[in-house]
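Summary of the model geometry
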Amino acid sequence: MRLGPLLGAAGIGLFGLLLLSGGGSPGRTLPAPDPEGLRLSEPEISRLDPAIQPLARALIRAAWDAGIPAVLGSGLRSSAEQDALYAQGRTKPGPIVTDARGGSSWHNFGLAFDLAILSAGKYTYPNDVNLWTRLGNLGQALGLQWGGSADWDHFEYHPAMTLAHARAGTGP
C-alpha cells in the first residue's frame, strides 16, 4: 500500500505538501534552485513511496541550506538486497551494517532512506556525531523518524503504520 492517501490523516495535507515541496510559500515568486545533492538524489528519491518523497527532498534542501552537502545514499531495497546487507559481517565479509533482514526494514517498502555526505564527488559517511545530530534534528523537524545513535544516517516515515501493515499492503 502506498501512503500518499494517508498524508491527510497524518496532518500534512495539500498546503503542507506545497510548503515541503517549495511551492506556495508566502512571498516567494520563484523557487530556489535545487541543490546539487537533490539533483543527484532524485533517481533514488523517485523510487520511494510518494508519501516520503517530499520529506526526503525537503531534508536535502534544508541540509544544503545549513551548509551540509547531503545526498540520498540508499532508499528502496528489495528483500534480497536487504538480506545481502544483513549477511555482511555475519556470513559475508565486511562490517555489520543492519540488524534487519529482508521484509523487516522500512527500506523494503520505500518508507526509509539513508543519507550520505557528498565530498569531492563521492558519497561518504563521516564519523561526525555533531553533523549527524544536525541532520537528525532537521529531519525530525520535518516529521521524519531518525535512527539516532543506533543508525545515524537513517530516516523513515510511516505514521501509524506497522511493519505488519506494510507486509500485508494495508493501512493502519
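Everything below is about the structure shown above.
Residues numbered from 1 in each chain as written. Predicted model: local features only at pLDDT ≥ 70, side-chain atom pairs only at ≥ 80, totals over all residues. Heavy atoms only, no water.

With that settled, the discussion passes to the nonpolar core. Judged by nonpolar contacts, the single largest core of 23 residues is most densely connected at Leu72, Phe113, Leu115, Leu135, Leu144 and Phe155. Looking at this core, the elements that each hand over two or more residues are helix H2 (36-45), helix H3 (53-65), strand E1 (70-74), strand E2 (112-119) and helix H5 (129-141). For this core, the element with the most residues is H3, which contributes five residues. Apart from residues lying up to four places away in sequence, Phe155 is in contact with Leu59, Leu111, Ala112, Phe113, Leu115, Leu135, Gly136, Gly139, Leu144, Gln145 and Trp146. (Core = buried A, V, L, I, M, F, W, Y, C linked by side-chain atoms within 4.5 Å. Buried < 20%, exposed > 50% of the residue type's maximum accessible area, 1.4 Å probe, protein only. Helix = DSSP H or I, 4+ residues; strand = E, 2+ residues; numbered from the N terminus. Contact = heavy atoms within 4.5 Å.)

With the rule as written, the count across this model stands at five salt bridges. One salt bridge connects Arg57 with Glu42, and the closest N-O pair in it is separated by 2.6 Å. Highlighted residues: Arg57 in helix H3 and Glu42 in helix H2, separated in sequence by 15 residues. Residue Arg90 pairs with Asp99 through a salt bridge whose shortest N-O separation is 3.3 Å. (Salt bridge = Lys/Arg side-chain N within 4 Å of Asp/Glu carboxyl O.)

What follows concerns H5. With 13 residues, H5 extends 18 Å from end C-alpha to end C-alpha; this agrees with the ideal 18 Å at 1.5 Å per step. Along H5, the residues classified as buried are Leu131, Trp132, Leu135, Gly136 and Gly139. Projection of H5 onto a plane perpendicular to its axis shows the buried side chains occupying an angular sector of 135°, all on one side. Across H5 from its buried face, at more than 90 degrees, point the exposed residues Asn130 and Ala141. In the core, the buried residues of H5 are packed alongside H3, E1, E2, strand E4 (145-146) and strand E5 (154-156). In this structure Asp128 caps H5, since a side-chain oxygen of it lies 3.2 Å from the backbone nitrogen of Asn130. (Expected span 1.5 Å × (residues − 1). Arc of directions from axis to C-beta. Polar contact = N/O pair within 3.5 Å; in protein donor to acceptor, adjacent residues only side chain to side chain.)

Relative to the assigned elements, Arg77 resides in the loop between E1 and helix H4 (79-87). Among the polar contacts listed, one links the side chain of Arg77 to the side chain of Ser74, at a separation of 3.1 Å.

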